[in-house]
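Structure at a glance
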Amino acid sequence: MSTVSENPKKTLKIDIVSDNVCPWCFIGKRRMEKALDKLPKDCKVEITWKPFQLNSKAPVPGVSKIEKYRNGGFESALPYWTQQGKKVGINFSYGGNVGNTFDSHRLIAYAKQQGKQDEMVEKIMSYYFEQEKDISVREVLEKAAKEAGVQNTKEFLESKKLCKKISDELLEGRRMGVSSVPCFILNDEHMISGAWEAKDWEKALKKMGYL
């Protein structure tokens, strides 16, 4: 019996190591999606988001985002982020607070169980980068989940479910040598580090035989 998955060029597996407060992860996501739109319609893309924490000791609730950028020496980069974001439909806004992302990663893993992982990632990143919301706060995450179509999140976030899974995946990322994000792992063997332009994604996909 023949299935789509038996043809390696009919299925593309992408693991994305990312943090939800990393601007280049949001930009890289949109650039990747632009390139994936060029794939043949019969090519199945299987995306799994993996956690990374730029600051595992960040507080809950968060602290001033703009102050963190200033103190970290990133303020001069903001106009460039804004420019690059607009090219892929992101309207960066730098108000609001930045805090711990562990629960947001848990929620993304939970959303995957309901087939809503991509929608959850998009909503969380939009909340943080465009709507100035503090995604370390559970009430904010509950609202984002509802808008993304993810069910029963209040009970989930109040529990310890998937805490070990996220902790293990964070450790696994470090063991793999992932020290910056975004990092895209294609078919468990090809690694793309950084927010590649769509044209560079297309070149890589062509070299792999997908385009």
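This is a predicted model, so every value here is computed, not measured. (Residues numbered from 1 in each chain as written. Predicted model: local features only at pLDDT ≥ 70, side-chain atom pairs only at ≥ 80, totals over all residues. Heavy atoms only, no water.)

Right, let's talk about the packing of aromatic side chains for a bit. Taken as a whole and judged by the stated rule, the model has 12 aromatic pairs. A ring pair is formed by Phe92 and Tyr94, whose centres lie 6.1 Å apart and whose planes are at 10°; its orientation type is stacked. Taken individually, Phe92 and Tyr94 each receive the classification buried, so the pair is uniform in this respect. Relative to Phe156, the ring of Tyr110 has its centre 4.1 Å away and its plane inclined at 10°; by these criteria the two rings are stacked. Linking Tyr110 in helix 4 (residues 102–113) with Phe156 in helix 7 (residues 153–158), this pair joins segments that are 46 residues apart in sequence. (Phe/Tyr/Trp six-rings, centres within 6.5 Å; stacked < 30°, edge-to-face > 60°. Buried < 20%, exposed > 50% of the residue type's maximum accessible area, 1.4 Å probe, protein only. Helix = DSSP H or I, 4+ residues; strand = E, 2+ residues; numbered from the N terminus.)

Here we come to the sheet that holds strand 2 (residues 44–51). The sheet built from four strands is open, its strands ordered 2-1-5-6 with mixed pairing. Edge strands, defined here as strands with exactly one partner in the open sheet, are strand 2 and strand 6 (190–193). Mean inter-strand twist for the sheet, computed between neighbouring axes without regard to direction, equals 20°. Bridge analysis of strand 1 (residues 11–18) against strand 2 gives eight bridges, and the strand direction is parallel. Considered in strand 2, the bridge of Ser18 is made with Pro51. This element, helix 1 (residues 23–36), spans strand 1, strand 2 and strand 5 (183–186) of the sheet and lies at about 170° to strand 1. (Pairing = 2+ DSSP bridges. Axes fitted to C-alpha atoms, helices over the stretch in contact; angles between N-to-C directions. Contact = heavy atoms within 4.5 Å.)

On average, residues of the protein chain carry a pLDDT of 95, and 96% of them reach 70 or more. A low-confidence stretch, residues 1–7 (pLDDT under 50), is modelled with five contacts involving residues beyond four sequence positions or located in other chains. (pLDDT = per-residue confidence, 0-100.)

Now for the nonpolar core. Counting 63 residues, the largest nonpolar core has Leu12, Ile14, Leu107, Met120 and Leu186 as the members making the most contacts within it. When residues in this core are grouped by element, the largest group, seven residues, is from helix 5 (residues 117–129). When near neighbours in sequence (up to four residues on either side) are disregarded, Ile14 contacts Met32, Leu36, Val45, Glu46, Ile47, Thr48, Phe184, Ile185, Leu186 and Trp201. (Core = buried A, V, L, I, M, F, W, Y, C linked by side-chain atoms within 4.5 Å.)

Attention now goes to unusual backbone geometry. With an omega of -5°, the peptide bond between Val60 and Pro61 qualifies as cis. Mapped onto the secondary structure, Pro61 falls in the loop between strand 2 and strand 3 (63–64). In this structure, Pro182 follows Val181 across a cis peptide bond, with omega equal to 5°. Position of Pro182 relative to the elements: it lies in the loop between helix 8 (163–175) and strand 5. With a phi close to 60°, Asn152 is a non-glycine residue in the positive phi region. Tracing the backbone through its elements, the reader meets Asn152 in the loop between helix 6 (138–148) and helix 7. For Asn152, a relative accessible area of 57% translates into the label exposed. With a phi angle near 70°, Leu162 is a residue other than glycine that sits in the positive phi range.

Attention now moves to helix 8. The first and last C-alpha atoms of helix 8 sit 18 Å apart over 13 residues, in line with the 18 Å expected at 1.5 Å per residue. If you check which residues of helix 8 are buried, you get Cys163, Ile166, Glu169, Leu170 and Gly173. Seen from one end, helix 8 has its buried residues packed into an arc of 135°, which puts them on one side. Facing away from the buried side of helix 8, by more than 90 degrees, are the exposed residues Lys164 and Arg175. Contact partners of the buried residues in helix 8: strand 2 and helix 4. Of the residues flanking the end of helix 8, it is Gly177, one or two places downstream, whose phi is positive at about 90°. (Expected span 1.5 Å × (residues − 1). Arc of directions from axis to C-beta.)

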